Amino acid sequence: MAQAARKLGILISVAPTHPNFHHGLQLATAALEAQDEVYLYCLDEAVRGVEDERLQTLNAHGLRLFACAFAAQRRKLPQNENALYGGLTMLNDVMVATDRFVSFN
């Protein structure tokens, strides 16, 4: 019998230039390579990274990408199809639905 995929939730709240943004992407990459389901939520300064090529590459490989609509609005960033934008209720849903949840601040 096949084992169900594990679900990993990742919250990133730092800018794409911060080392922890990169560390969060490394964890997401490893989990995707292990055939895990990965849910990544960008909050605060991390919404600036939604367009980041590294993040969009992961998105193309099965990452489920979410971003904070309020954080994007405050930074005057357009919302587009590269992520699903929502509020903290969406983040709560990710936290509840995953087996493990890790944050990179």
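Okay, so let's go over this structure. (Residues numbered from 1 in each chain as written. Predicted model: local features only at pLDDT ≥ 70, side-chain atom pairs only at ≥ 80, totals over all residues. Heavy atoms only, no water.)

## Digging into the nonpolar core
What counts, and what does not: We define a nonpolar core as any set of buried Ala, Val, Leu, Ile, Met, Phe, Trp, Tyr and Cys residues linked to one another through side-chain atoms lying within 4.5 Å. Here's how the labels work: a residue is buried when its accessible area is under 20% of the maximum for its type, exposed when over 50%, partly exposed in between, all with a 1.4 Å probe on protein chains only. Working definition: helices are DSSP H or I runs of at least four residues, strands are E runs of at least two. Numbering for both runs from the N terminus. In this analysis, two residues are considered to be in contact whenever any of their non-hydrogen atoms come within 4.5 Å of each other.
The biggest cluster of nonpolar side chains holds 34 residues, and the ones touching the most others in it are I12, L40, C42 and L63. Taken together, the elements giving at least two residues each to this core come down to β1 (7–12), α1 (19–33), β2 (37–42), α2 (53–60), β3 (64–68), α3 (69–74) and α4 (88–97). Those residues in contact with I12 that sit more than four places away from it in its chain are F21, G24, L25, L40, Y41, C42, L43, A46 and F104.

## So, the sheet that holds strand β4 (residues 84–86)
Spelled out, the test is: Two strands are counted as paired when DSSP detects at least two bridges linking them. Only the stretch in contact is used when fitting a helix axis, every axis being a line fitted to C-alpha atoms; angles between N-to-C directions are given from 0 to 180 degrees.
Read from one edge of the open sheet, five strands run β4-β3-β2-β1-β5, paired in parallel fashion. Pairing within the sheet leaves two strands with one partner each, and these edge strands are β4 and β5 (100–104). Along the sheet, successive strands turn relative to each other by an average axial angle of 20°, direction set aside. The pairing of β1 with β2 spans six bridges and is parallel. Within the sheet, the bridge partner assigned to L11 lies in β2 and is Y41. Along the sheet face, α4 touches β1, β2, β3, β4 and β5 and points at about 150° away from the line of β2.

## Let's talk about the environment of R54
Position of R54 among the secondary structure elements: in helix α2. When the C-alpha positions of R54 and T29 are compared, they lie 9.9 Å apart, and in sequence the two are 25 residues distant. Setting aside anything within four residues of it in sequence, one finds R54 in contact with P16, F21, H22 and L25.

Remember, this is a structural readout, not a statement about activity or role.
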